[in-house]
Amino acid sequence: MSLFDKFEKNAALFNELSETGRNPFAVVMERVLGPTRAIIKGRETVLAGTHNYLGQTFEPKAIAAAQKALAEEGTGTTGSRFANGTFAGHKALEAGIAQFLGLEYCLVFSTGYMANLGGIAGLVGAKDAILIDADCHACIYDGCVLSGGETVRFRHNDPESLDRRLERLDPKYEGKLVCIEGMYSMFGDIAPVKEFAEVAHRHGAHLFVDEAHSFGVYGDNGRGVSEADGAMDIIDFYSGTFSKSLAAIGGFVASNHQALESLRFSSRPYMFTASPSPATIASASAALANIKATPALRQRLWTNIGRLHGALTQFGLNLASGPAPVISVLLPDRETAFMAWNFLLENGVYVNMAIPPGTPNATSLLRLSVSAAQTDADLDAITDAYAAMAEAFPGARVAGVS
Ligand code: PMP
């Protein structure tokens, strides 16, 4: 047995798909034309599988701010937050996010992945326990591993299951952290954050909510599912990313607990990686200011969500959840998912394909991400392609719907 044997099975499939030129995991955006269009395989394609929820990738104010920072502060910080990589812009963005969320403390990390890794592994030690929703993202699982704490999974979106796990937890664990997400990105379903907070606190645990997909999107002020559920004041830790609604790269953890500040000298993913570049920080800051000043972006997103979710429902497609920025169509198996994904691309629409083991309950699905930047023409192209797909793939429809 060699180090490389384990790659063989998946490599064979990957290569076979790549040779046909129909591999969903090897797509190249040959030329980006704007927030919702790119050239893929030589043709103009509507992007309906990005996380550009508020359409900020080409926001002129964000581009101008990034260009200014690039010219004035250089291409990179060449250091970690802990050493020479904290510029005035990083501190200002932390203050801006804290203010946006109405929370006191905020730490900016280099990616959302690092924020969860560093937040969880920074807070939890070997004598503590983490209780994690079974459908949590890979980086939350990785944070659990890095922490060295005991990890206990509970049933997805089920506060009673959490209650039972906490009830039975060995009292030897000193601290307890419960991890959930606001909106889950595979199915687009949302968490009952308030109920989770109540259960966690009843057992002396703290609640950590990853709002990567819901920041800027849910709640009257765009603070996420925690806000929409009236739970902003009772959650303990809030994590997010710049790579979706803010259309940059980076991440953060925010809280009202001053203990969060201790992560600046104890969280390895904060201390031992280079900080986001000045241009990245500047564009994220400008996008944050823009989404705060422009609630119409959120309104447009929800209008688009309503239109697309309504159309796909009307086509009889088997949707994973109610209207949300992610609208997933469940497919009977992996092969149908590959074919349906290619069918949409051939019809000029790019979406994400997700298959086991990356999906809950071993489902295969096509994930459509809605954007405020999608124009009426984009929405028409998307709905036309899905209408044709519903015809061509009866397995994508709810049983009995023709
Ligand atoms: N949390 C969730 C739920 C995510 O889906 C993702 C990335 N898709 C992340 C965190 C990581 O964010 P980033 O891309 O900024 O690393």
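Described in the following lines is the structure provided in the data block. For clarity, every value in this text was computed on a predicted model and none was experimentally measured. (Residues numbered from 1 in each chain as written. Predicted model: local features only at pLDDT ≥ 70, side-chain atom pairs only at ≥ 80, totals over all residues. Heavy atoms only, no water.)

## Things to note about the pattern of salt bridges
When charged atoms on two side chains of opposite charge get close, those side chains can pair. Across all of its chains, the model carries 13 salt bridges by this definition. Between Arg37 and Glu44 there is a salt bridge whose closest N-O contact spans 3.2 Å. By relative accessible area, which is 22% here, Arg37 ends up partly exposed. Across the pair Glu94 and Arg81 runs a salt bridge, and its minimum N-O distance is 2.7 Å. Placement of the pair is Glu94 in helix α3 (residues 88-101) and Arg81 in the loop between α2 (60-73) and α3, with a sequence separation of 13 residues. With a relative accessible area of 3%, Glu94 lands in the buried category. For Arg81, a relative accessible area of 6% translates into the label buried. Three or more residues joined by partner-sharing salt bridges are found here, namely Arg81, Lys91, Glu94, Glu261 and Arg264. (Salt bridge = Lys/Arg side-chain N within 4 Å of Asp/Glu carboxyl O. Buried < 20%, exposed > 50% of the residue type's maximum accessible area, 1.4 Å probe, protein only. Helix = DSSP H or I, 4+ residues; strand = E, 2+ residues; numbered from the N terminus.)

## Description of the packing of aromatic side chains
Counted according to the given criterion, the structure contains 11 aromatic pairs. With 6.0 Å between their ring centres and 15° between their planes, Tyr238 and Phe252 make a pair best called stacked. Linking Tyr238 in strand β9 (residues 237-241) with Phe252 in strand β10 (residues 251-255), this pair joins segments that are 14 residues apart in sequence. Among the residues examined, Tyr238 registers a relative accessible area of 0% and is labelled buried. By relative accessible area, Phe252 is classed as buried at 0%. A connected cluster of aromatic rings, assembled from ring pairs, spans Phe100, Phe215, Tyr238, Phe242 and Phe252. Seen from the ring of Phe7, Lys6 lies directly overhead, with NZ or CZ sitting 5.1 Å from the centre. (Phe/Tyr/Trp six-rings, centres within 6.5 Å; stacked < 30°, edge-to-face > 60°. Lys NZ or Arg CZ within 6 Å of the ring centre and 35° of its normal.)

## Here we look at the site of the ligand
Not every one of the 14 residues close to the ligand is listed here, only the nearest: Gly112, Tyr113, Asp210, His213 and Thr241. In the model, an oxygen atom of the ligand is placed 3.5 Å from a nitrogen or oxygen of the His137 side chain. One nitrogen or oxygen atom from the side chain of Lys244 is found 2.9 Å from a nitrogen atom belonging to the ligand. Coverage of the ligand by the protein amounts to 83% of the 390 Å² it exposes when considered alone. (Near = heavy atom within 4 Å. Polar contact = N/O pair within 3.5 Å; in protein donor to acceptor, adjacent residues only side chain to side chain. Areas by Shrake-Rupley, 256 points an atom, 1.4 Å probe, with all protein chains shown as cover.)

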